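Per-entry structural report
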Amino acid sequence: MNEVIQAMKGRRSIRKFKPEMLPKEAIKQIIEAGLYAANGRGKQATITIAVTNKELRDKFSKINREIGGWDESFDPFYGAPVILIVLADKECLTGIYDGSLVMGNMMLAAHSMGLGSIWIHRAKEEFELPEYQSLLKEMGIEGEWEGIAHCAVGYIDGELPEAAARKENRVFWLE
């Protein structure tokens with residue numbers, strides 16, 4: 001089987017990570033895979049914020065947990081030490097789709113490198129908050145950006161989960 005298709009079929013969402021930080025080169029490779037995602041009209045209207053600072057990572061976890069309504073003992077990033085946040089230019093009509101493709105590429109890249117990943121929502125709600133709008137400005141990021149998702153990445157703590165059975169009747173042919 002083609003190795004890309006094999007990676008697509010083998011990738012799983014990981015919900016338990018080891019706390020060890022990934023090498024920066026590995027993080028860069030995952031981000032680069034995202035930069036090569038297909039995008040509407042070639043606009044490349046997404047950005048990725050790499051959060052590797054534990055204090056900032058924990059701050060994102062806290063606000064994400066509050067938005068989700070979970071107990072303060074829950075970590076919505078499942079212990080992953082790296083959080084890659086994808087945002088899309090609000091002016092770009094395909095931004096949400098483009099950001100979704102960035103996420104897919106990054107999760108596949110992580111899997112192909114023997115790492116775990118999981119898509120975590122609530123980036124939209126986070127980046128609507130004034131403090132996160134200010135954070136973008138502090139980082140020198142101009143314009144209006146919509147949070148698409150967080151890609152939590154790290155070393156898998158445990159076994160790769162089994163694939164769920166694929167539902168029937170999801171493909172229709174017009175021949």
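Anyway, here's the lowdown on the structure attached to this text. Treat the numbers as computed from the prediction; the structure is a model and nothing was measured.

The rules behind the values
Residues numbered from 1 in each chain as written. Predicted model: local features only at pLDDT ≥ 70, side-chain atom pairs only at ≥ 80, totals over all residues. Heavy atoms only, no water. Pairing = 2+ DSSP bridges. Helix = DSSP H or I, 4+ residues; strand = E, 2+ residues; numbered from the N terminus. Axes fitted to C-alpha atoms, helices over the stretch in contact; angles between N-to-C directions. Patch = residues over 30% accessible without salt bridge, like charges linked within 9 Å, V, L, I, M, F, W, Y side chains within 5 Å. Areas by Shrake-Rupley, 256 points an atom, 1.4 Å probe, with all protein chains shown as cover. Salt bridge = Lys/Arg side-chain N within 4 Å of Asp/Glu carboxyl O. Phe/Tyr/Trp six-rings, centres within 6.5 Å; stacked < 30°, edge-to-face > 60°. Contact = heavy atoms within 4.5 Å. Left-handed = near helix turned anticlockwise from the far one by under 90°. Nonpolar A, V, L, I, M, F, W, Y, C, P; charged D, E, K, R; others polar. Buried < 20%, exposed > 50% of the residue type's maximum accessible area, 1.4 Å probe, protein only. Lys, Arg positive; Asp, Glu negative; His and termini not counted.

What about the sheet that holds strand β2 (residues 82-89)?
Backbone-to-backbone hydrogen bonds join strands into a sheet, with any given pair of strands oriented parallel or antiparallel. Judged by pairing direction, the sheet is antiparallel, and its 4 strands sit side by side in the order β1-β2-β4-β3 without closing on themselves. Either end of the sheet is taken by a strand with one partner, and the two such strands are β1 (46-51) and β3 (116-120). Averaged over all adjacent pairs, the angle separating strand axes in this sheet is 25°, with direction ignored. Relative to β2, β1 is paired through 6 bridges, and the arrangement is antiparallel. Paired with Thr46 across the bridge in β2 is Ala88.

Structural notes on a nonpolar patch on the surface
A cluster of nonpolar side chains, namely Met1, Val4, Ile5 and Met8, defines an oily patch on the protein surface of about 420 Å² accessible area. Among the secondary structure elements, Met1 is positioned in the segment before α1 (3-10).

Section: the packing of aromatic side chains
Under the counting rule described, the total for this entry stands at 5 aromatic pairs. Pairwise contacts between aromatic rings join Phe60, Phe127 and Tyr132 into one cluster.

A closer look at the environment of Gln133
Tracing the sequence through the fold places Gln133 in helix α6 (residues 130-138). Separated by 16 residues in the primary sequence, Gln133 and Ser117 have C-alpha atoms spaced 26 Å apart. Setting aside residues up to four positions removed in sequence, Gln133 forms contacts with Phe127, Glu128, Glu144 and Trp145.

Examining the packing of helix α2 (residues 24-35) against helix α4 (residues 95-112)
In contact at an axis separation of 7 Å, α2 and α4 are set at 145° when each is read in the N-to-C sense. By crossing handedness, the relation of α2 to α4 is classed as right-handed. Contacts between α2 and α4 pair Ile30, Ile31, Ala33 and Gly34 from the former with Val102, Asn105, Met106, Ala109 and Ala110 from the latter. Split by residue class, the contact of α2 with α4 holds 7 nonpolar, 2 polar and no charged.

Remarks on the pairing of β2
Here β2 lies mainly inside the structure; 7 of its 8 residues are buried. Sheet topology note: the β2/strand β4 (residues 145-154) ladder contains 8 bridges and is antiparallel. Of the residues in β4, the one forming a bridge with Val82 is Val153.

Some details on the side chain of Arg65
Examined against the element boundaries, Arg65 turns out to sit in helix α3 (residues 54-68). Salt bridges are absent for the buried Arg65, whose nearest opposite-charge side chain, Glu66, sits at 4.8 Å. Contact partners of Arg65, with chain neighbours within four places excluded, come to Trp70, Asp71, Glu72, Phe74 and Pro76.

Quick word on the pattern of salt bridges
Across all of its chains, the model carries 8 salt bridges by this definition. Across the pair Arg57 and Asp58 runs a salt bridge whose closest N-O atoms are separated by 3.3 Å. Residue classification places Arg57 among the buried positions, given a relative accessible area of 6%. Ionic pairing is found between Lys59 and Glu131, a salt bridge with its closest N-O pair at 3.3 Å. Separated by 72 residues along the polypeptide, Lys59 in helix α3 and Glu131 in helix α6 bring together distant segments of the chain. In this structure, a network of salt bridges that share partners links the residues Lys54, Arg57, Asp58 and Asp75.

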